[in-house]
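Notes for the structure review
Next come the chains, spelled out residue by residue.
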Amino acid sequence: MAHPDNLWLPALLSALATLHAYLALDVLGRVTRARGAVPVLWLGFGAAVLAVGVWATWQLGGAIPAGLGDLRGAAAFGTAWLAAAAALWLMERLRTPSPVLAGITLGSGLALANRLALDGAAAGPDLAGMLPCAIAGAVLALALRGPAPSRARAGLAAAVLGATVAAVPWMGRAFAGGNAAVGRPDAAGAPAAAAVVICALVLLLAAVVLRAQRELARQAAQIRGELEAARQALVHQAFHDVLTALPNRAKVLAQLQELLPQARREGFEVAVMFIDLDGFKSINDTLGHEAGDAFLRCVADALRASVRPRDTVARFGGDEFVVVLERYRSRGNLSLICDKILAQVSAPVVVAGQKVTATPSIGVAMFPGDGEDPAELLRHADIAMYAAKQRGKAGFCFYEPRMIQQASERLALSTELREGLARAEIRVCYQPKVDLRTRELVGLEALARWAHPTRGALPPSVFIPLAEDCGLIARLGETVVREVAGQIAQWRAQGLPLVPVAINLSMQEVQGAQFVPALLRTLAEAGLGHDAIEFEITETAAMTDVHTTLRHLRELDTLGFRIAIDDFGTGFSSLSHLRQLPARAIKIDQSFVHGARHSHHDREIAEAIIALARKLRLHTIAEGVETEEDARWLRQAGCSTGQGFLFGRPLEPRQVARLLVEQPAVRTLDA
């Protein structure tokens with residue numbers, strides 16, 4: 001170069017070449033990540049940045065006299081660009097990057113470019129002298145750069161390549177034996193100025209492009225992150241229940257699809273529990289859906305606390321939950337787990353400021369004996385759960401093959417019940433209630449019968465639980481009330497003395513929003529007062545969701561309807577709750593009356609109930625009175641009213657009309 005004794009000029013040129021090299025090598029990672037035609041554009045851009053740096057470094061250092069407008073200068077620039085593009089391609093587009101091959105290509109291109117720029121010059125460089133220097137420097141630089149360098153390694157690689165670019169002309173002339181400037185220094189002003197301008201523009205452009213690309217890459221990464229988060233949220237939502245955050249039906253089915261084949265291979269146990277909440281509907285209807293949702297979250301927590309962390313607790317919708325257990329070891333352990341779930345879930349919780357509870361019914365199916373695939377296993381667990389409901393609720397049942405036939409019959413019967421209601425197949429019979437002292441008629445109890453066209457007369461114990469489960473209880477109750485009100489109106493039109501008629505009441509029925517309006521409308525249409533009908537509710541139903549039950553029963557009491565607690569002594573009511581109920585009478589369950597003939601314990605229980613009723617100023621009605629001996633000891637114990645075969649079996653309406661004429665009544669209704 002022109003002034004080799006001035007060290008600042010080689011250093012400045014090396015720095016300039018290093019900057020270009022850094023920007024050019026920075027495109028390597030972008031080439032790898034890009035798709036389509038974008039990698040070609042990045043290769044061309046990076047090669048152009050490096051070629052401009054090479055040309056500008058040599059031009060400013062006086063190593064070449066020709067500008068880009070000269071044929072030799074253009075050839076030199078083009079050679080440098082092609083060599084740079086080929087080297088970058090070899091580094092990033094091959095399956096296995098080859099810094100040696102890329103370095104040989106780049107170094108050879110740099111040496112050839114310098115030789116072309118000085119072709120015909122008096123002191124031309126020695127190509128053989130430049131090649132080793134150029135290739136060695138290029139190979140070292142690209143080896144340092146590597147596929148994923150740190151900032152320090154990237155800077156060091158650029159510095160080595162920049163020094164190589166600046167040193168190539170020196171090495172060529174050193175081996176050629178000359179050290180004079182090529183061209184006249186005073187003629188180098190215009191090309192040098194052009195080199196400075198072009199170099200500055202290229203550096204600025206490269207910096208802007210790379211900065212813009214980094215910003216675009218950052219935004220793209222942010223968008224990808226947001227899209228991934230949204231995807232994960234959608235996946236979570238697709239496989240989890242929104243309310244409780246538990247897995248849903250789809251998640252359980254997918255899990256069982258993987259778990260069952262593994263269990264078959266490894267020989268471990270898998271069981272599915274299907275859980276339904278008895279009494280949840282009343283919480284929802286009475287306290288509102290927000291309170292119902294809060295209660296379901298409490299149930300989810302109770303279920304999670306009842307099983308091991310590795311077991312799956314899922315919500316299938318509404319008040320249905322599923323638990324999947326693996327490696328439970330024995331059926332006895334499953335029974336213990338069911339007992340724990342019953343205890344945990346049945347525990348009262350406070351929602352909307354009120355203490356409420358709902359008891360679970362649990363059905364259990366085990367793999368592989370009860371089902372070979374997820375759908376079959378879940379279906380059989382569901383069938384077992386309905387069997388648990390039929391056996392009294394608040395319990396659990398293991399699946400048995402005969403349950404399928406029972407479920408099919410139950411489904412058919414529910415369909416027939418719906419059709420039977422439409423065809424008015426429900427009939428009402430009436431059983432007398434008499435004063436135990438005077439044997440005078442004091443009332444009637446309405447007993448629904450289903451006159452099934454093929455199965456014959458079906459008792460309430462068959463179709464009332466069915467109506468509760470399939471959502472027909474409100475319609476059935478309305479049918480019975482309409483039938484009773486119409487019959488009372490007919491007896492009145494015949495001029496018969498009337499007595500109150502008691503109707504058994506389901507809590508699902510009374511808690512329905514339309515029950516009271518429909519009741520009042522029916523009585524108004526029949527022209528009857530509220531004292532024409534009484535209601536009986538079982539002790540167990542009265543003690544279910546006590547606060548809600550109390551509110552509805554008080555509403556009926558305020559409207560003038562008399563209420564009696566049926567089957568008393570068979571439930572688990574407390575005296576404090578019993579005292580709050582607006583009941584006017586309690587009915588002693590017939591099991592105590594029948595048992596009193598053989599067991600003094602049953603007789604003592606019945607007498608204790610009578611004494612309790614007297615203290616609470618309640619009337620007592622004894623069910624199942626069949627003998628004079630039964631009537632005698634009940635009367636002596638203080639029971640006021642009896643009902644049973646001794647006084648009459650359930651009667652058809654025409655038989656009741658004859659009874660109303662023949663038997664005097666103690667308490668009659670105003671005609």
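The rules behind the values
- Residue numbers restart at each chain and count upward from 1, following the sequence in its written direction.
- Given that the model is predicted, a residue must reach a pLDDT of at least 70 before its local features are reported, and side-chain atom pairs must reach 80 or more before they are shown or counted; all residues, however, enter totals for whole chains, interfaces and linings.
- Side-chain metrics rest on all non-hydrogen atoms present in the structure, leaving aside hydrogens and water.
- Helix and strand definitions follow DSSP, with helices as H or I runs of at least four residues and strands as E runs of at least two, each counted in order from the N terminus.
- Partly exposed residues are those whose accessible area sits between 20% and 50% of the maximum for their type, while under 20% is buried and over 50% is exposed, using a 1.4 Å probe and protein chains only.
- The contact definition used throughout considers only heavy atoms, calling two residues in contact when any of these lie within 4.5 Å.
- Accessible surface is estimated by sampling points in the Shrake-Rupley manner with a 1.4 Å probe; for residues, cover comes only from the protein chains shown.
- The set of buried Ala, Val, Leu, Ile, Met, Phe, Trp, Tyr and Cys residues whose side-chain atoms join them within 4.5 Å is what this entry labels a nonpolar core.
- Only a pair of cysteine sulfur atoms within 2.5 Å counts as a disulfide in this structure description.
- Here a helix's expected span is defined as the number of its residues, less one, multiplied by 1.5 Å.
- Whether two strands pair comes down to DSSP finding at least two bridges between them.
- Every case where a carboxyl oxygen of Asp or Glu lies within 4 Å of a side-chain nitrogen of Lys or Arg is listed as a salt bridge.
- By the criterion applied in these results, polar contacts are pairs of N or O atoms within 3.5 Å in which, for protein atoms, one can donate a hydrogen and the other can accept it, and in which residues neighboring in sequence qualify only through two side-chain atoms.
- pLDDT runs from 0 to 100 and stands for how confident the predictor is about each residue.
- Between the N-to-C directions of two axes lies an angle of 0 to 180 degrees, each axis being a line fitted to C-alpha atoms and, for a helix, fitted only over the stretch in contact.
- In this charge count, Lys and Arg are treated as positive and Asp and Glu as negative; neither His nor the chain ends contribute.
- Amino acid classes used here: Ala, Val, Leu, Ile, Met, Phe, Trp, Tyr, Cys and Pro are nonpolar; Asp, Glu, Lys and Arg are charged; the rest, including Gly, are polar.

On to the overall build of the protein. Scanning the protein from terminus to terminus reveals 25 helices and 16 strands. When the 671 residues of the protein are sorted by exposure, 48% land in the buried category. Taking as baseline every contact in the protein between residues at least 6 positions apart, the subset at least 24 positions apart corresponds to 69%. Of the roughly 31,200 Å² that the protein leaves accessible, carbon and sulfur atoms contribute 58%.

With that settled, consider the nonpolar core. In this structure, Tyr430, Val484, Ile488, Trp491, Phe535, Leu556 and Leu634 are the most contacted members of the largest nonpolar core, which totals 79 residues. Considering every element that reaches this core, the biggest residue donor is helix H16 (residues 473-493), with nine residues. Not counting the four nearest positions on each side in its chain, leucine 634 is found in contact with Leu436, Val593, Ile610, Ala622, Val625 and Cys639.

Glancing now at unusual backbone geometry. Note the cis peptide between phenylalanine 367 and proline 368, where omega equals 5°. Among the secondary structure elements, proline 368 is positioned in the loop between strand E6 (359-367) and helix H13 (374-390). Positioned with a positive phi, alanine 245 is a non-glycine residue whose angle comes to about 65°. Examined against the element boundaries, alanine 245 turns out to sit in the loop between helix H8 (189-239) and helix H9 (249-266). With a phi close to 60°, arginine 439 is a non-glycine residue in the positive phi region.

The next subject is the state of the cysteines. Scanning the entire structure with this criterion turns up zero disulfides. With no disulfide of its own, cysteine 397 lies closest to cysteine 338 among cysteine sulfurs, the gap being 9.7 Å.

For helix H5 (residues 99-117), which comprises 19 residues, the first-to-last C-alpha distance of 26 Å matches the rise-based estimate of 27 Å (1.5 Å per residue) to within 8%. Ala102, Gly103, Leu106, Gly107, Gly109, Leu110, Ala111, Ala113, Asn114 and Ala117 are the residues of H5 that are buried.

Glancing now at the pairing of strand E11 (residues 501-504). Where strand E9 (residues 441-452) and E11 come together, three bridges link them in parallel fashion. In the sheet register, glutamate 445 faces E11, and the bridge partner there is alanine 502. Summarising the sheet, E11 and strand E12 (residues 533-538) pair through four bridges and their orientation is parallel. Looking at the pairing, asparagine 504 lines up with glutamate 536 of E12.

It is worth spelling out the pattern of salt bridges at this point. Evaluation of the coordinates by the stated rule reveals 24 salt bridges. Between arginine 562 and glutamate 534 there is a salt bridge, with the nearest N and O atoms lying 3.0 Å from each other. Of this pair, arginine 562 sits in strand E13 (residues 562-568) while glutamate 534 sits in strand E12, and the two are 28 residues apart along the sequence. Residue glutamate 534 is classed as buried on the basis of its relative accessible area of 12%. Bridged by salt links that share partners, the residues Lys433, Glu445, Glu536, Lys587 and Glu623 form one connected network.

Turning to H13, a few remarks are in order. Taking 1.5 Å of rise per residue, the 17 residues of H13 would be expected to cover 24 Å, and the 25 Å separating its terminal C-alpha atoms lies within 8% of that figure. Those residues of H13 not exposed but buried are Pro374, Leu377, Leu378, His380, Ala381, Ile383, Ala384, Met385, Ala387, Ala388 and Lys389. For H13, the N-terminal cap is aspartate 373; the gap from its side-chain oxygen to the backbone nitrogen of alanine 375 is 3.1 Å.

With that settled, the discussion passes to the side chain of asparagine 248. On the secondary structure map, asparagine 248 appears in the loop between H8 and H9. Its relative accessible area of 14% is what places asparagine 248 among the buried residues. From its side chain, asparagine 248 meets the backbone nitrogen of alanine 250 in a polar contact 3.3 Å long. Beyond its immediate chain neighbours, meaning those up to four positions away, asparagine 248 contacts Gln237, Ala238, Phe239, His240, Asp241, Ala314, Arg315 and Phe316.

Averaged over all residues, the pLDDT of the protein equals 81, while 82% of them reach at least 70. Scored below 50 in pLDDT, residues 1-5 makes nine contacts in the model with residues more than four places away or belonging to other chains. Note that residues 179-190 has pLDDT below 50 and, in this model, 11 contacts with residues that lie over four places away or in other chains.

Next up on the list: the sheet that holds strand E7 (residues 396-398). The sheet built from five strands is open, its strands ordered E2-E3-E1-E6-E7 with mixed pairing. In the strand order of this sheet, the two ends are held by strand E2 (312-317) and E7, each with one partner. The average undirected angle you get between the axes of adjacent strands in this sheet is 20°. By the bridge criterion, three bridges tie E6 to E7 in an arrangement that is parallel. In the sheet register, valine 364 faces E7, and the bridge partner there is phenylalanine 398.

Residue position: aspartate 319 is located in the loop between E2 and strand E3 (320-326). Notably, aspartate 319 is buried but unbridged: the nearest opposite-charge side chain belongs to lysine 389, and the N-O separation is 6.2 Å. Ignoring any residue separated from it by four or fewer positions in sequence, one finds aspartate 319 in contact with Ile275, Asp276, Leu277, Phe280 and Leu296.

On to the packing of helix H10 (residues 280-287) against helix H11 (residues 289-306). Taken N-terminus to C-terminus, the directions of H10 and H11 make an angle of 140°; their axes are 6 Å apart at the nearest point. Between H10 and H11, the contacting residues are Phe280, Ile283, Asn284 and Leu287 on the first element and His289, Ala291, Gly292, Phe295 and Leu296 on the second. Within the contact of H10 with H11, the residues separate by chemical class into six nonpolar, three polar and no charged.

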